[in-house]
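# Architecture at a glance
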Amino acid sequence: MSKTRTIKIAHGLDVNHSVHKAMLELGKDLKQRSGGKMTLEIYPNQQLGTERECLELLQIGSLDMTKVSVGVMENFAPKMKVFGIPFLFRDKAHSFKVLDGPVGKKILDDGEKYWLKGLAYYDAGSRSFYTKEKPINVPEDLKGLKIRVMESVTAINMVKDFGGSPTPISWGELYTSLQQGVVDGAENNPPSFYLSRHYEVCKYYSLDEHTVLPDVLVIGTQLWDNLSPQEKKWLQESVDKSVVYQRKLWAEAEAEAIEEVKKAGVTIINPDKTLFKEKIKDIYQEYESNPEMNILIQQIQETN
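How each quantity is defined
Residues numbered from 1 in each chain as written. Predicted model: local features only at pLDDT ≥ 70, side-chain atom pairs only at ≥ 80, totals over all residues. Heavy atoms only, no water. Pairing = 2+ DSSP bridges. Helix = DSSP H or I, 4+ residues; strand = E, 2+ residues; numbered from the N terminus. Axes fitted to C-alpha atoms, helices over the stretch in contact; angles between N-to-C directions. Contact = heavy atoms within 4.5 Å. Expected span 1.5 Å × (residues − 1). Buried < 20%, exposed > 50% of the residue type's maximum accessible area, 1.4 Å probe, protein only.

For the rest of this paragraph, the subject is the sheet that holds strand β2 (residues 38-43). Sheets are built from strands that pair by backbone hydrogen bonding, the pairs being arranged parallel or antiparallel. The five strands lie next to each other as β2-β1-β3-β10-β4, forming an open sheet whose pairing is mixed. Only two strands of the sheet have a single neighbouring strand rather than two, namely β2 and β4 (116-122). Averaged over all pairs of adjacent strands, the angle between strand axes in this sheet comes to 25°, irrespective of strand direction. Packed on one face of the sheet, helix α10 (residues 229-263) meets β1 (5-10), β2, β3 (65-69), β4 and β10 (215-220) and runs near 30° to β4.

Next up on the list: the sheet that holds strand β11 (residues 267-269). Strands sit in the order β7-β6-β8-β5-β9-β11 across an open sheet of six strands; the sheet is mixed. With one partner strand each, in any of the chains shown, β7 (165-168) and β11 form the two edges of the open sheet. Geometrically, the sheet is characterised by an average inter-axis angle of 30° between neighbouring strands, direction not taken into account. Bridge count for strand β5 (residues 126-131) against strand β8 (residues 185-188) is four bridges, and the pairing is antiparallel. Bridging across to β8, T131 finds its partner in G185. Of the strands in this sheet, β5, β6 (146-149), β7, β8 and β9 (204-212) touch helix α6 (residues 153-161), which is tilted by about 155° from β7.

As a further point, take helix α1 (residues 18-33). In this model, α1 (16 residues) spans 22 Å end to end at C-alpha, consistent with the 22 Å of a helix rising 1.5 Å per residue. Along α1, the positions that sit buried rather than exposed are S18, V19, H20, A22, M23, L26, G27, D29 and L30. Those residues of α1 that are buried are in contact with β1, β2, β3, β4, β10 and α10. Just downstream of α1 lies G35, where phi reads positive at about 60°.

Here you go:
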């Protein structure tokens, strides 16, 4: 009698988020595909810790799988830094082509030496600026504004290039910081802007879509190396199927978020992105001295 293998997966998001719904689907599909030999146990809402803490649990084998932003993963898989580069992708279709193709795969494997193996990318949209007092139509509008960024060197340099003052603040403290004027704005994707209720304070949302930071589904190599070829196949197929489902849900969540913030009185701006692209040339130049990153950037830009 073969035993059931239960895989523990954790993430930091709400149960209504597209990532959680995709994981439920993944669990259902995996159970069906494996004839009940493999099941998924999901721990949402940071029950087992922050994204970084979950990765550390994976490394010691106390947790099997997790979902993290590439921004967090880049500390363990240096090639993932490439996603922080602004205007790396031409559009959504181009980003999926890269992520699902050989270049994306190569980047997923980069964490293996740190006991972390990427299985696939979930969509987390594009990040854009939202502000309290004035709309951002051109990069110059950011001059002198304090903009909250993640603790990412690339994000900090990007805001500086646009003329703003980058201010790292934790996501949990951002609402109050916006309210009290500690910062004048922030940048994130539409569902995050909407679900965090930041639209109650910031009435301008400028869709410059400067960075595309996907989410990564990660498995600890402690478990992966112990799976039989058949189990690996079942798991990877179920993961790939869940990716299609999650991206569909994400697109719906994005459209709904834009609709809802508009209803709440937010002005949506569609600025000329080329003006923003012009400003960040030096970020690309910095990478020219790093052959590995430079090759990656070229491979991404050449993907058709």
